[in-house]
Amino acid sequence: MNIHENKKALRTRCREIVKGLSPEYIEESSQKIANLVLETDEYKDAKTIFCYMSMNGEPVTDAIIEQALQDGKRVGIPLCVGPHEMVVKEYTSGDELARGAFGIREPLAEATEITADEFDLAIVPCVACSKDGRRIGHGAGYYDRFLSTSGFDKIALCFEKLITDDIPLEEMDVHMDGVATEDAIYGTRWRG
């Protein structure tokens, strides 16, 4: 099996695991993950944060986004603008969001753009992660393209049940500095 087939099989396996997660598990684990992230030095020191808008089956990011805004941080969320391409738009509390690509909540196109070099911290989704920071996404490459453009801290949010050592990496795949689960933050490059 080649690397693409391995990734496809892993994504299929992980989607089956996600289907079995109860709403209570997702809610409770998401809160624990948010609490861990919000206590890190990387979060506390960041002035501008990139954060994904969660969709079904992913760790919910709303609490992190709202706390960041309350803490006076600038928050950017992704907007898909084409196949495999996204830009990041500033989000402030109460901004209107639209359902975009894949049914994900997105900012409006006229929102202020934030460029990659303005971020101090990126909080990204995954299908699965390893404890050493290898990440597999949904396969479209949106995040790897964005994450490869700057030197900001990168943390993936992942349910403990989706942590696996079985993640093949390709050259374009971006390694995470940390991986936050409901149990711990993993990653040797993470100071939290």
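From a predicted model like this one, the values you see are computed outputs, not experimental measurements.

Peer 1: How should the side chain of Arg105 be read in this particular structure?
Peer 2: By the element assignment, Arg105 lies in strand 5 (residues 105–107). A polar contact is formed between the side chain of Arg105 and the backbone oxygen of Ser54, at a distance of 3.5 Å. A polar contact is formed between the side chain of Arg105 and the side chain of Asp62, at a distance of 2.9 Å. Those residues within four positions of Arg105 in sequence are excluded, and the remaining contacts are Met53, Ser54, Asp62, Leu97, Ala98 and Arg99.

Peer 1: I tried to follow the pattern of salt bridges on my own but got confused; where do I start?
Peer 2: Here the idea is simple: oppositely charged side chains can pair when their charged atoms come close. If you walk through the whole model with that rule in mind, you get ten salt bridges. Its salt-bridge partner being Glu39, residue Lys44 comes within 3.6 Å of it at the nearest N-O pair. Assessed through its relative accessible area of 46%, Lys44 is described here as partly exposed. Arg74 is the partner of Glu90 in a salt bridge, and the nearest nitrogen-oxygen pair spans 3.1 Å. Of this pair, Glu90 sits in strand 3 (residues 85–91) while Arg74 sits in strand 2 (residues 74–82); the two residues are 16 residues apart in sequence, bridging distant segments of the chain.

Peer 1: Can you walk me through the pairing of strand 3 in this structure?
Peer 2: In regular strands, side chains alternate between the two faces of the sheet. Counting buried residues along strand 3, five of its seven residues qualify, which places the element largely inside the surrounding structure. Pairing of strand 2 with strand 3 involves seven bridges; the strand directions are antiparallel. Within the sheet, the bridge partner assigned to Pro78 lies in strand 3 and is Val88. Between strand 2 and strand 3, which follow one another and run antiparallel, lie two residues, and His84 among them has a positive phi close to 65°.

Peer 1: Looking at this structure, I do not really get the nonpolar core. What am I missing?
Peer 2: Nonpolar side chains tend to gather and get buried jointly when the protein is soluble and globular. Phe50, Ile123, Phe146 and Leu147 are the most contacted members of the largest nonpolar core, which has 56 residues in total. The residues touching Ile123, leaving out its near neighbours within four places in the chain, are Val37, Ile49, Phe50, Cys51, Tyr52, Ile64, Ile155 and Leu157.

Peer 1: I tried to follow the UniProt feature "binding site: substrate" (unreviewed entry) in the protein on my own but got confused; where do I start?
Peer 2: Per the UniProt annotation, the sites labelled "binding site: substrate" (unreviewed entry) are Met53 and Glu58. Looking at where Met53 falls in the secondary structure, it is placed in the loop between strand 1 (48–51) and helix 4 (62–70). In this view, Met53 contacts Glu58, Thr61, Ile65, Ile77, Pro78, Leu97, Ile104 and Arg105; residues no more than four positions away in its chain are not counted. Looking at where Glu58 falls in the secondary structure, it is placed in the loop between strand 1 and helix 4.

Peer 1: When you look at the pairing of strand 9 (residues 153–157) in this model, what are you seeing that I'm missing?
Peer 2: Counting buried positions along strand 9 yields four of five residues, so the element is predominantly enclosed. Looking at chain direction, strand 6 (residues 121–124) and strand 9 are connected through four bridges and run parallel. Bridge pairing in strand 9 places Leu121 opposite Asp153. In the sheet, strand 9 pairs with strand 10 (residues 178–180) via three bridges, with the strands oriented parallel. Looking across to strand 10, one finds that Leu157 is bridged to Ala180.

Peer 1: Looking at this structure, I do not really get the packing of aromatic side chains. What am I missing?
Peer 2: The geometry of two aromatic rings is summed up by the distance between their centres and the angle between their planes. This model, assessed by the stated rule, comprises seven aromatic pairs. Ring geometry for Phe50 versus Phe119: centroids 6.0 Å apart, planes at 90°, classification edge-to-face. Of this pair, Phe50 sits in strand 1 while Phe119 sits in the loop between strand 5 and strand 6, and the two are 69 residues apart along the sequence. Residues Phe50 and Phe146 carry aromatic rings whose centres are separated by 4.7 Å and whose planes lie at 40° to one another, so their mutual orientation is tilted. Linking Phe50 in strand 1 with Phe146 in helix 5 (residues 142–147), this pair joins segments that are 96 residues apart in sequence. Take Phe50: its relative accessible area is 0%, and that puts it in the buried class.

Peer 1: Can you help me understand the environment of Ala156 in this one?
Peer 2: Looking at the element boundaries, Ala156 is found in strand 9. For the pair Ala156 and Cys129, spaced 27 residues apart in sequence, the C-alpha to C-alpha distance is 7.7 Å. In this structure, Ala156 is in contact with Val124, Cys129, Met176, Gly178, Val179 and Ala180, ignoring residues within four places of it in sequence.

What counts and how
Residues numbered from 1 in each chain as written. Predicted model: local features only at pLDDT ≥ 70, side-chain atom pairs only at ≥ 80, totals over all residues. Heavy atoms only, no water. Helix = DSSP H or I, 4+ residues; strand = E, 2+ residues; numbered from the N terminus. Polar contact = N/O pair within 3.5 Å; in protein donor to acceptor, adjacent residues only side chain to side chain. Contact = heavy atoms within 4.5 Å. Salt bridge = Lys/Arg side-chain N within 4 Å of Asp/Glu carboxyl O. Buried < 20%, exposed > 50% of the residue type's maximum accessible area, 1.4 Å probe, protein only. Pairing = 2+ DSSP bridges. Core = buried A, V, L, I, M, F, W, Y, C linked by side-chain atoms within 4.5 Å. UniProt positions renumbered as here; feature names shortened; annotations may be inferred. Phe/Tyr/Trp six-rings, centres within 6.5 Å; stacked < 30°, edge-to-face > 60°.

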